[in-house]
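In case you want the letters, here they are:
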Amino acid sequence: MASTGNIIAPVENGKLVKDYSKKKTESNGSEMGYDQFLTLLCAEMQYQDPLEPTSNTEYVAQLATFSQLEATLAMQETQENNTANNLVGKYVILKPTDEATGKTSYVDGKVDYIMYQDDGSVMLSVNGGLYSMDDLDTVADTDYYEAIGMAKTFDSMLAQLPDIENINESYKQAIQQIRDVYDGMTSYQQSFVSRDSLAKLETYEKHLKELGDEESQQETETVEDTQEENA
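For the structure given in this document, a descriptive report is provided here. Source: prediction; values computed, not measured.

We now examine the overall build of the protein. On a plain count of helices and strands, the protein comes out with seven helices and nine strands. The burial tally for the protein puts 25% of its 231 residues in the buried class. A total accessible area of about 15,900 Å² is found for the protein, and carbon and sulfur atoms account for 49% of it.

Further remarks concern the sheet that holds strand E9 (residues 136–140). Spatial strand order, E8-E7-E6-E5-E9: five strands in an open sheet with antiparallel pairing. Looking at the sheet topology across the chains shown, the edges are occupied by strand E8 (129–132) and E9. Each strand axis lies, on average, 45° off the axis of its neighbour in the sheet, ignoring direction. Note that strand E7 (residues 122–126) and E8 share four bridges and pair antiparallel. Within E8, the residue paired with Val 126 across the bridge is Gly 129.

The subject of this paragraph is the packing of helix H4 (residues 142–159) against helix H5 (residues 172–183). Packed helices, taken two at a time, are described by the angle between their axes plus the distance between the axes. In contact at an axis separation of 10 Å, H4 and H5 are set at 165° when each is read in the N-to-C sense. With respect to each other, H4 and H5 are oriented roughly antiparallel. As for the relative orientation of H4 and H5, their crossing is left-handed in sense. Contact residues: H4 offers Met 150, Phe 154, Met 157 and Leu 158, while H5 offers Gln 177, Ile 178, Val 181 and Tyr 182. Taken together, the residues that form the contact of H4 with H5 break down as seven nonpolar, one polar and no charged.

On the surface, Tyr 113, Met 115 and Leu 130 cluster together into a nonpolar patch covering about 260 Å² of accessible area. The topology assignment puts Leu 130 in strand E8.

Compared with an ideal rise of 1.5 Å per residue, which puts 12 residues at 16 Å, H5 spans 16 Å between its outermost C-alpha atoms and is within 8% of the ideal. Residues of H5 that are buried: Ile 175, Ile 178, Arg 179 and Tyr 182. All buried residues of H5 project into a common sector of 100° when viewed along the axis, lining one side.

A few words on unusual backbone geometry. Phi at Asn 127 takes a positive value of approximately 55°, unusual for a residue other than glycine. For Asn 127, the position within the fold is in the loop between E7 and E8.

Further remarks concern the environment of Ser 187. If you trace the backbone, Ser 187 turns up in helix H6 (residues 187–190). With relative accessibility at 62%, the residue Ser 187 sits in the exposed group.

Take Tyr 188: it is sitting in helix H6. Put simply, Tyr 188 and Asp 143 are 45 residues apart on the chain and 8.6 Å apart in space, counted from C-alpha to C-alpha. The residues touching Tyr 188, leaving out its near neighbours within four places in the chain, are Asp 143, Tyr 144 and Ala 147.

Glancing now at the pattern of salt bridges. Counting across every chain of the model gives three salt bridges. A salt bridge links Lys 152 to Asp 108, with the nearest nitrogen and oxygen atoms 3.2 Å apart. Remark: Asp 108 occurs in strand E6 (residues 107–116) and Lys 152 occurs in helix H4; sequence separation between them is 44 residues. For Lys 152, a relative accessible area of 46% gives the class partly exposed.

Attention shifts here to the packing of aromatic side chains. Within this structure, the stated rule accounts for four aromatic pairs. Aromatic pair Tyr 188 and Phe 192: ring centres 5.1 Å apart, planes at 75°, arrangement edge-to-face. One aromatic cluster is present, formed by Tyr 144, Tyr 188 and Phe 192 through successive ring pairs.

Thresholds applied
- Residues numbered from 1 in each chain as written.
- Predicted model: local features only at pLDDT ≥ 70, side-chain atom pairs only at ≥ 80, totals over all residues.
- Heavy atoms only, no water.
- Helix = DSSP H or I, 4+ residues; strand = E, 2+ residues; numbered from the N terminus.
- Buried < 20%, exposed > 50% of the residue type's maximum accessible area, 1.4 Å probe, protein only.
- Areas by Shrake-Rupley, 256 points an atom, 1.4 Å probe, with all protein chains shown as cover.
- Pairing = 2+ DSSP bridges.
- Axes fitted to C-alpha atoms, helices over the stretch in contact; angles between N-to-C directions.
- Parallel < 35°, antiparallel > 145°, perpendicular 65-115°, else oblique.
- Left-handed = near helix turned anticlockwise from the far one by under 90°.
- Contact = heavy atoms within 4.5 Å.
- Nonpolar A, V, L, I, M, F, W, Y, C, P; charged D, E, K, R; others polar.
- Patch = residues over 30% accessible without salt bridge, like charges linked within 9 Å, V, L, I, M, F, W, Y side chains within 5 Å.
- Salt bridge = Lys/Arg side-chain N within 4 Å of Asp/Glu carboxyl O.
- Expected span 1.5 Å × (residues − 1).
- Arc of directions from axis to C-beta.
- Phe/Tyr/Trp six-rings, centres within 6.5 Å; stacked < 30°, edge-to-face > 60°.

Rendered as structure tokens:
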């Protein structure tokens, strides 16, 4: 084992162990920069086997490989940052996992802003909460998100109605409002409303019509009875 400054580098047969940098990165979670790489390279040169010295060509190759790797990582980081920046104002679906329970849930909404953490991770602000960029599941366009929202509104309004046997004329306005919401949708938005939900609305409307027909029939019979009494 050899020591150079604050770096402890394992040396075998006069040569630095090649996977040391990888092990060090895994152990402390930090990335190796030029200073650390050059320090290790100096350690390798200092403790190399004098009977089998490493050629200058190999040193240059190592430096070139490291430079290429660092450039690739920098480019990847830039691309990731650009991707995150472009998400601001977009509608997304996130799939976060609760660390305590391991349960996965879905969160959808518009990205208000992004936040860069000290560890290099990116957080997305959605619906007032912060979520990791790793939780991103889907990026949706505005039309899709609005269609989903309209379908949810439609289902929510239906859910507020009682069971059909408890429906009476007092719910006529509420049912008409739900019909107006559906008729006001575009054909694309209507495609997101389930058949069951639409069938439920039509069942309510049919029930109201039957109630109205019964009431009209009763009124007609009452008028006829009154005329017979007066005759």
